[in-house]
Amino acid sequence: MSGSRGPGYDQRLARERETFAGQEEIHGNLPPSAHRWSNRHVRPKLEALGVPGLDELIVGQIAERARNLSRDAVVLSLGSGNGDQELGWLRGLAAEGLDNVRLRLLELNPEMQARAEASAREQGVADRVELITADFNTWRADAGHDVVVGFQALHHVLDLEHLYGQIKSSLSADGVLVVHDMIGRNGHRRWPEAHEVVDRIWATLPPELRRNALTGQIDEQFVDVDCAADGFEGIRAQDVLPVLLDFLHPSLFLPYGNVIDPFVDRIYGHNFDMDDPAHVGLIDEIGVLDDSLLDLGLVTGTRLTALFHPSPRLLRVHGDRTPERSVRDTRVVDPAGRVSFRPGGTNGERLVRGAGIVTGRMNGIAHDDWAAPSVEFPVLTTAPVDALDFRTYLPDDATEHGSVTVSVDGAPVAKADVGPGLTEQVLPVRLDAHRQVRLSFDADWSITAGGDRRTLAYVLVGLGLLER
């Protein structure tokens, strides 16, 4: 995908502001199961690499530079939110006698910036804090930085190339980018090979461990939510690492997590009672399985803690979890090139016909064929394609409708106007035979009907790949 902003950008931006405007605690509410897994399967790996913990890593990098500089060490925090963590770094540094640190807080949301400013004044450090209210995708560096921190921020960025370019150009020669972020599939979905494992575990769980915190319902099948359907959550998560490697060089690199993710997240993780030995044992067993799959190279990490620099450094890694082995090849369905076992997944063969076959799950299509504002799936052409037969449906009383942009491997190739009723349109889309492509559809509107919690756009009735 290119770094262009594309259709629906303004709506996503508005949704991002709306989502976080009232959040006074953005990194909290993690279930006890997440802490159990982290303490047993992540912290020991960090400690083996000489890192006591995440806060110690960040503060240590700032302190190292503050001690060696005759001026203020300039620290930029990306997506700083309410500034709670950043002000904590200042307190920790002050306790070590280091007051020559200046914080720059880069945040999109003015409401969160106001809370950060109030906290800085209350703690008496406002003179060392600079607020930058800007969009990652358009922000331009106007100062040099010794330390840049990306703490759960990079997976919200659409134009990674632009942001990384600004970071690289503003970092001092001895500067560092500290990364603690998500690097899994876009929208935080499961890759097919991981989804297969999650589905098989899911089938063994009792109902009480399958309760969805968002809906309150028992999910008979694991719901692989596309978090990037209408906002920036995980919008280019799978590109965070490979694009970063084009700009900067790692010195500390620890990827982790994958199959464990649904069992320690905010949707299902709270179902696991850490006072129940059976639940504790299950989290531990899935954690061991997750580590084994990662170490064997059967899955790639979905999370990353790392240090990056403008020039090459000696690299510390855990085992064989190198940067090269941590970039998942998106050109294949899974690392073995298989089409994975997908119980309950949307059946692409039912919707797609003609000169192509779906080789993986159609993401963004619900079980009742309602499409999210963004839909994506891999397709393999079986013959040269000249056009796309695009069939959609909207109820006659639908008040919201618009156009759908069709893209191939991220590049827009056609546009369809979707209105009420059953609509069939033949769009000029040319594809060579025997080509694996990523076909995507982006609507410029969305609806949420009645009590339906999903963000939807239209019903996808069918797709025909028409031969030349």
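All of these numbers come straight from a predicted model, not from anything done at the bench. (Residues numbered from 1 in each chain as written. Predicted model: local features only at pLDDT ≥ 70, side-chain atom pairs only at ≥ 80, totals over all residues. Heavy atoms only, no water.)

A. Region of interest: the overall build of the protein chain. A tally of regular secondary structure across the protein chain gives 12 helices and 18 strands. Taken over the C-alpha trace, the protein chain has a radius of gyration of 23 Å; the compact-globule value for 468 residues is 23 Å, and the two agree within 12%. In terms of overall dimensions, the protein chain has a C-alpha envelope of 70 × 50 × 45 Å along the principal axes. Split into buried and exposed, the 468 residues of the protein chain put 55% on the buried side. When contacts within the protein chain are restricted to residue pairs at least 6 apart in sequence, long-range pairs at least 24 apart make up 80% of them. Looking at the protein chain, you have 47 positive and 70 negative side-chain charges, and the mean spots of the two groups are 3 Å apart. (Helix = DSSP H or I, 4+ residues; strand = E, 2+ residues; numbered from the N terminus. Rg over C-alpha atoms; globule rule 2.2 N^0.38 Å. Buried < 20%, exposed > 50% of the residue type's maximum accessible area, 1.4 Å probe, protein only. Contact = heavy atoms within 4.5 Å. Lys, Arg positive; Asp, Glu negative; His and termini not counted. Charge placed at Lys NZ, Arg CZ, Asp CG, Glu CD.)

B. Just the domain arrangement of the protein chain, in detail. When its domains are assigned, the protein chain resolves into domain 1 (28–79 + 136–325) and domain 2 (352–466). Taking the mean C-alpha position of each, domain 1 and domain 2 sit 31 Å from one another. In total, domain 1 and domain 2 occlude about 730 Å² of area from one another, counting both sides; carbon and sulfur atoms represent 38% of this. Contact with domain 2 buries area across many residues of domain 1, yet Arg189, Ala229 and Asp230 alone supply 44% of it, more than any other trio. Scanning the region where domain 1 abuts domain 2 turns up 0 salt bridges. Where domain 1 touches domain 2, the interface holds 1 residue pair in polar contact (both at pLDDT 80 or more). Class assignment for the residues of the side of domain 1 that touches domain 2 results in 2 nonpolar, 1 polar and 5 charged. (Domains from an automatic or database assignment. Buried area = accessible area lost by both parts, 1.4 Å probe. Salt bridge = Lys/Arg side-chain N within 4 Å of Asp/Glu carboxyl O. Polar contact = N/O pair within 3.5 Å; in protein donor to acceptor, adjacent residues only side chain to side chain. Nonpolar A, V, L, I, M, F, W, Y, C, P; charged D, E, K, R; others polar.)

C. Fine view of the pattern of salt bridges. Tallied over the full model, the rule gives 26 salt bridges. The shortest N-O distance in the salt bridge between Asp239 and Arg236 comes to 2.9 Å. Given a relative accessible area of 14%, Asp239 falls into the buried group. Overall, Arg236 belongs to the buried group, its relative accessible area being 1%. In this structure, the salt-bridge partner of Arg435 is Asp409, at a minimum N-O distance of 3.3 Å.

D. Representation of the UniProt feature "domain: Methyltransferase" (unreviewed entry) in the protein chain. UniProt tags residues 71–183 as "domain: Methyltransferase" (unreviewed entry). As a span, residues 71–183 carries 32% helix and 33% strand, and end to end its C-alpha atoms are 35 Å apart. (UniProt positions renumbered as here; feature names shortened; annotations may be inferred.)

E. Local environment of the nonpolar core. Ile58, Ile62, Val129, Val149, Val178 and Phe263 are the most contacted members of the largest nonpolar core, which totals 54 residues. No other element matches helix H4 (residues 54–68), which puts 7 residues into this core. For Phe263, the contacting residues outside a window of four places in its chain are Ser33, Val198, Ile201, Trp202, Leu205, Gly269, Phe272, Ile283 and Ile286. In this structure, Val385, Leu439, Ala443 and Leu456 belong to the second largest nonpolar core, which totals 39 residues. (Core = buried A, V, L, I, M, F, W, Y, C linked by side-chain atoms within 4.5 Å.)

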